[in-house]
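# Per-entry structural report
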Amino acid sequence: MRFNTALLHSAAPGDKATGATLTPIYQSSAFYQESALQHEKLFANKAPGFSYTRIGNPTIAAFEDRMTVLEGGMASVACASGMAAVSCALLNITQAGDEIVVSTGLYGGTIDLFHDFEAYGITTKFVDINDHELVKAAINEKTKLVFAETIGNPKLDVADIEALAAIAHEAGIPLIIDNTVASAYLTQPLKLGADIVINSTSKYINGNSDAISGVITDGGKFKWNFEKYPGMKEFKVFGKLAFTAKLRNGLFRNIGACIAPQTAFYNLLGMETLGLRMERACSNALKLAKHLEEYKDLTVNYPGLESSDWHETALKVLHNGFGAIITVRVGSKERAFSIMDGLKIPKIVSNIGDTKTLIVHPSSTLNVHSSEQEKKDANVFDDMIRISVGIEDIEDLIEDFDRVLKEN
């Protein structure tokens, strides 16, 4: 089945008992068991079922199954937010004294998170993920993983996932990819060699800015070295699902960063139109980027433009489009603010992936806690506006930008 058909009919939600075409919202914190023995089996992972929504819930399970199919993985774990998903995925295989190698082009909040890891004895080495020699040089015997975003936010650099996977696997460590900005519509990192994929499903998966959540999808192909990853040894019996088994039976369960059933339901509704929304948003973004590039006083960054440093990699990694985010440098912070305030259609919002076009000034918001060097490495500048292009009529968007740019 092709993308949209599979999205609707593979692991399709529903309720066989009633014939409902959508999985109901099981808004229950706990679930009744017929016997104490059955309850014991549930807690010992010797029987299927649900006991407590912090650990599992039918609505959430339906969403996780759909995400597993979407990303082409073995299993998924839904979390309370994209940041919770990143935290759980990385902490599941790291401990004090470990190091991680990550891209400098990450979302500002993720950079902040990795600095928080320092208090727990985990050292982050930030590198230009597109300089593969630097990536290799940053890896040593203490390194436990390589982490990058498919499309950096807001740097918009495109990771060569196959090359990074080869580097990571040569060192005996997994490659973890945040696929939020691309979504599975543009690429499936697991098929390119990544081992774990993370999505902040608050963005394109949900599509309507009505819920916060994140998902970790396990590819199930990485061969864990139980000497290098001693915490995984206990879960060797789970075979290809060792990573997910450890996560569910430990960190995820104990921290309690669980998604709400109603949020899972919103995501199940939203993701049915993922392909259609992404097709339109990516088309709009390319047209808007090409139009804005005609303004000689603007510097436009978009992977779909031939002028992009990452255009060739984008052609290799991405399919069906180049994403729906554009960044524009306009000359000064003051002009950036004036343009943002003057636009009628785009909304000033610190989110991406909505049906509506959203704009933000990253330097003063999303990357406000980053150092000046970190901002420079992430291509975040005082005069830069990030545009998350929506599904409006492109003529209206172009006219709105033309009007404001002529006034400013």
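Everything discussed here concerns the structure shown above.
In this text, all values refer to a predicted model and were calculated from it rather than measured experimentally. (Residues numbered from 1 in each chain as written. Predicted model: local features only at pLDDT ≥ 70, side-chain atom pairs only at ≥ 80, totals over all residues. Heavy atoms only, no water.)

Let us now look at the sheet that holds strand β9 (residues 325-329). The strand order across the open sheet built from 5 strands is β8-β9-β12-β11-β10, with neighbouring strands paired in mixed fashion. Looking at the sheet topology across the chains shown, the edges are occupied by β8 (299-301) and β10 (347-348). Examined bridge by bridge, strand β11 (residues 358-360) and strand β12 (residues 384-388) share 3 bridges and lie antiparallel to one another. The partner of Leu 358 across the bridge, within β12, is Ser 388. Sheet strands touched by helix α14 (residues 333-342): β10, β11 and β12. Its angle to β12, the strand with the most contacts, is close to 30 degrees. (Pairing = 2+ DSSP bridges. Helix = DSSP H or I, 4+ residues; strand = E, 2+ residues; numbered from the N terminus. Contact = heavy atoms within 4.5 Å. Axes fitted to C-alpha atoms, helices over the stretch in contact; angles between N-to-C directions.)

On to the side chain of Ser 10, then. Looking at where Ser 10 falls in the secondary structure, it is placed in the loop between α1 (3-9) and α2 (36-43). By relative accessible area, Ser 10 is classed as buried at 17%. (Buried < 20%, exposed > 50% of the residue type's maximum accessible area, 1.4 Å probe, protein only.)

Burial analysis of helix α4 (residues 82-91) places 8 of its 10 residues in the buried class, the great majority of the element. Those residues of α4 that fall on the buried side of the exposure criterion are Gly 82, Ala 84, Ala 85, Val 86, Ser 87, Cys 88, Ala 89 and Leu 90.

Quick look at helix α3 (residues 58-71) now. Under the 1.5 Å per step criterion, the end-to-end length of α3 is 20 Å for 14 residues, consistent within 8% with the ideal 20 Å. Among the 14 residues that make up α3, 11 are buried, leaving the element largely enclosed by the rest of the structure. (Expected span 1.5 Å × (residues − 1).)

The next thing to look at is a positive patch on the surface. On the surface, Lys 191, Lys 221, Lys 223 and Lys 240 cluster together into a patch of positive charge. Along the chain, Lys 240 turns up in the loop between β7 (214-218) and α9 (242-249). Taking relative accessible area as the criterion, Lys 240 reaches 58% and is therefore assigned exposed. (Patch = residues over 30% accessible without salt bridge, like charges linked within 9 Å, V, L, I, M, F, W, Y side chains within 5 Å. Areas by Shrake-Rupley, 256 points an atom, 1.4 Å probe, with all protein chains shown as cover. Salt bridge = Lys/Arg side-chain N within 4 Å of Asp/Glu carboxyl O. Lys, Arg positive; Asp, Glu negative; His and termini not counted. Charge placed at Lys NZ, Arg CZ, Asp CG, Glu CD.)

Another aspect to go through is unusual backbone geometry. Between Asn 153 and the following residue, Pro 154, the backbone shows a cis peptide bond with an omega angle of 10 degrees. Structurally, the position occupied by Pro 154 is in the loop between β4 (143-149) and α7 (161-170). If you check the backbone angles, Ser 183 has positive phi at about 65 degrees while not being a glycine. For Ser 183, a relative accessible area of 1% gives the class buried. In the Ramachandran plot, Asn 379 falls in the positive-phi region, its phi being about 55 degrees despite a non-glycine side chain.

Counting buried positions along β12 yields 5 of 5 residues, so the element is predominantly enclosed. Burial along β12 is two-sided: Met 384, Arg 386 and Ser 388 facing one way and Ile 385 and Ile 387 facing the other are all buried. In this structure, β9 lies alongside β12, joined through 5 bridges in antiparallel fashion. Across the sheet, Arg 329 pairs through a bridge with Met 384, a residue of β12.

Turning next to the state of the cysteines. In this structure the tally under the stated criterion is 0 disulfides. As a non-bridged cysteine, Cys 258 has Cys 79 as the owner of its nearest cysteine sulfur, 9.1 Å distant. (Disulfide = S-S within 2.5 Å.)

The strand order across the open sheet built from 7 strands is β1-β7-β6-β5-β4-β2-β3, with neighbouring strands paired in mixed fashion. Of all strands in the sheet, those bounded by a partner on one side alone are β1 (75-79) and β3 (123-127). Each strand of the sheet is rotated relative to its neighbour by a mean of 20 degrees, with strand direction disregarded. Judged from the 5 bridges that link them, β1 and β7 form a sheet pairing that is antiparallel. The residue bridging Ala 75 from the neighbouring strand is Asp 218, located in β7. Relative to β1, α3 is tilted by about 125 degrees, and along the sheet it contacts β1, β6 (196-199) and β7. Sheet strands touched by helix α5 (residues 108-116): β2 (99-103), β3 and β4. Its angle to β3, the strand with the most contacts, is close to 145 degrees.

A cluster of nonpolar residues, Met 74, Val 237, Phe 238 and Leu 241, forms a patch on the protein surface that exposes about 370 Å² of accessible area. Inspection of the secondary structure puts Met 74 in the loop between α3 and β1. Exposure remark for Met 74: the relative accessible area of 42% places this residue in the partly exposed category.

This next bit is on the environment of Glu 71. Here Glu 71 shows up in helix α3. For Glu 71, a relative accessible area of 0% puts it in the buried group. When the C-alpha atoms of Glu 71 and Thr 187 are compared, they prove to be 8.6 Å apart, with 116 residues separating the residues in sequence. Once you skip the residues sitting within four places of it in the chain, Glu 71 turns out to touch Asn 179, Ala 184, Thr 187, Gln 188, Pro 189, Leu 190, Val 197, Asn 199 and Thr 217.

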